[in-house]
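Chain by chain, the residues run as shown.
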Amino acid sequence: MRLAFMGSPDFAVPALRALHAAHDVVAVYCQPPRPAGRGQKETPCPVHRAALELGLPVRTPARVRRDAGEHAAFAALDLDVAVVAAYGLILPPAMLEAPRRGCLNIHASLLPRWRGAGPIQAAILAGDAESGITIMRMEEGLDTGPMLLKGKVAIDPRMTAAALHDALAPLGAALILRALAEDPAPVAQPEDGATYAPKFAKEDGRIDWRQDAVALDRRVRALTPWPGCFFTHGQETLRLLAAEPAEGEGPPGLVLDAAPTIACGQGALRLTRLQRAGRAPMAAAEFLRGYALAPGAVLP
């Protein structure tokens, strides 16, 4: 099958590799290289790097929605289908309708739950018992198109966003191959149960000790590594990389012991992995050998 692949992050790489092995991928679209690292060197995204490794032609338009030239170039590829996985740009009708079988999206949730840009984080943040992949035919609405296939993944009570990501990415690759081979009949999404998962920003990672410990545990697991959770102590901003609910109570933000365990709005949270700005991540015991976070201190 003659297809284009459109994706950018690590999540999309297994699908690209699977499609390349089974079909004729004539173009790969992804986000343009962006400055990264201490040197702010222009760095291609994971899909871009994988496509170059596979010898596939790469296109990196900064925008496509109103660019008639891009629409014409896409139509000229004469595609059977386009596969989209976390591409990062909104496709206009001219591109959605160009391939003979349309554009199929590998979405990291069980639609209609968690439409939008942050479904993996949203599922953990909400305490969902399961997540999954939905293969859907794209239309103009945000993740509202008809569904072709679904696959489920259980969310373990201690699962992180990174672990759920790593379970969903290969499932997405397997399901898109099935969808192309089987061409299942599309099923309209019900509006009942539809929820929206926005793109998370850095400020979403700020720890508010007034929340209950279970909610904060979910937040840390959901937003690590991106955008990351943090709190302030004195003049420093400390990254909280891992934590777990613990016994204890007190005014929110009170450091209860040397673990350290912090009192929350309800219950307490034991911090297990931390990082100072410009330093390496450390287990809490090692971190506290070089940083004072004494019992009795109150975190804002």
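Bear in mind the structure is a predicted one, so any value in this text is a computation, not a measurement. (Residues numbered from 1 in each chain as written. Predicted model: local features only at pLDDT ≥ 70, side-chain atom pairs only at ≥ 80, totals over all residues. Heavy atoms only, no water.)

Colleague: Explain the packing of aromatic side chains to me, using residue names and the numbers behind them.
Modeller: One pass over the full model with this rule turns up three aromatic pairs. Ring centres 5.7 Å apart and planes at 75° place the aromatic pair Tyr-29 and Phe-74 in the edge-to-face group. With Tyr-29 in strand β2 (residues 24–29) and Phe-74 in helix α3 (residues 68–75), this pair connects stretches of sequence that are 45 residues apart. Taken individually, Tyr-29 and Phe-74 each receive the classification buried, so the pair is uniform in this respect. Ring centres of Phe-287 and Tyr-291 lie 5.2 Å apart, and the angle between their planes is 40°; on these two criteria the pair is classed as tilted. Just as Phe-287 is buried, Tyr-291 falls in that class too. (Phe/Tyr/Trp six-rings, centres within 6.5 Å; stacked < 30°, edge-to-face > 60°. Helix = DSSP H or I, 4+ residues; strand = E, 2+ residues; numbered from the N terminus. Buried < 20%, exposed > 50% of the residue type's maximum accessible area, 1.4 Å probe, protein only.)

Colleague: Go over the packing of helix α1 (residues 13–22) against helix α2 (residues 46–54), please, and point to the residues and values.
Modeller: One can describe the packing of α1 onto α2 by two numbers: an axis separation of 9 Å at closest approach and a directional angle of 25°. Regarding the angle of α1 to α2, the classification is roughly parallel. Where α1 crosses over α2, the handedness of that crossing is right-handed. Packed against α1, whose contacting residues are Val-13, Leu-16, Arg-17 and His-20, the element α2 presents Pro-46, Val-47, Ala-50, Ala-51, Glu-53 and Leu-54 at the interface. Taken together, the residues that form the contact of α1 with α2 break down as seven nonpolar, one polar and two charged. (Axes fitted to C-alpha atoms, helices over the stretch in contact; angles between N-to-C directions. Parallel < 35°, antiparallel > 145°, perpendicular 65-115°, else oblique. Left-handed = near helix turned anticlockwise from the far one by under 90°. Contact = heavy atoms within 4.5 Å. Nonpolar A, V, L, I, M, F, W, Y, C, P; charged D, E, K, R; others polar.)

Colleague: Could you give me a rundown of the pairing of strand β15 (residues 268–275), with the residues and numbers involved?
Modeller: Here seven bridges tie strand β13 (residues 236–246) to β15, and the two strands are oriented antiparallel to one another. Across the sheet, Ala-242 pairs through a bridge with Arg-273, a residue of β15. Bridging between strand β14 (residues 261–263) and β15 involves three bridges; their strand directions are antiparallel. Bridging across to β15, Ala-263 finds its partner in Ala-268. The loop that links β14 with its antiparallel partner β15 comprises four residues; one of these, Gly-267, has a positive phi angle of about 75°. The sheet contact formed by β15 and strand β16 (residues 282–283) spans two bridges and is antiparallel. Across the sheet, residue Leu-274 finds its bridge partner in β16, namely Met-282. Linking β15 back to β16 in an antiparallel pair, the connection comprises six residues, with Gly-278 at a positive phi of about 75°. (Pairing = 2+ DSSP bridges.)

Colleague: Describe the pairing of β13, with residues and values.
Modeller: Bridge count between strand β12 (residues 229–233) and β13: five bridges; the pairing is antiparallel. Residue His-233 lies in a different strand from β13, and its bridge partner there is Glu-236. Where β12 folds back onto β13 in an antiparallel hairpin, the turn is made up of two residues, including Gly-234, whose phi is positive at roughly 60°.

Colleague: How would you sum up the sheet that holds strand β10 (residues 147–154)? Please name residues and give values.
Modeller: In space, the seven strands of this open sheet follow the order β5-β2-β1-β6-β7-β9-β10, with mixed pairing throughout. Taken across any chain shown, the strands that pair with only one partner, and hence form the sheet edges, are β5 (58–59) and β10. Strand direction decides the pairing type here: β2 and β5, joined by two bridges, are parallel. What sits directly across from Tyr-29, in β5, is Arg-59.

Colleague: Can you tell me about the pattern of salt bridges, naming the residues and giving the values?
Modeller: For the structure on display, the rule yields 14 salt bridges. Ionic pairing is found between Asp-78 and Arg-100, a salt bridge with its closest N-O pair at 2.7 Å. With Asp-78 in the loop between α3 and β6 (81–85) and Arg-100 in the loop between α4 (93–96) and β7 (103–107), the pair connects residues that are 22 residues apart, well separated along the chain. Taking relative accessible area as the criterion, Asp-78 reaches 42% and is therefore assigned partly exposed. With a relative accessible area of 52%, Arg-100 lands in the exposed category. We note a salt bridge from Arg-178 to Glu-182, for which the minimum N-O separation is 3.2 Å. Residue Arg-178 and its partner Glu-182 are both found in helix α6 (residues 161–182); the two are separated by four residues, about one turn of the helix. (Salt bridge = Lys/Arg side-chain N within 4 Å of Asp/Glu carboxyl O.)

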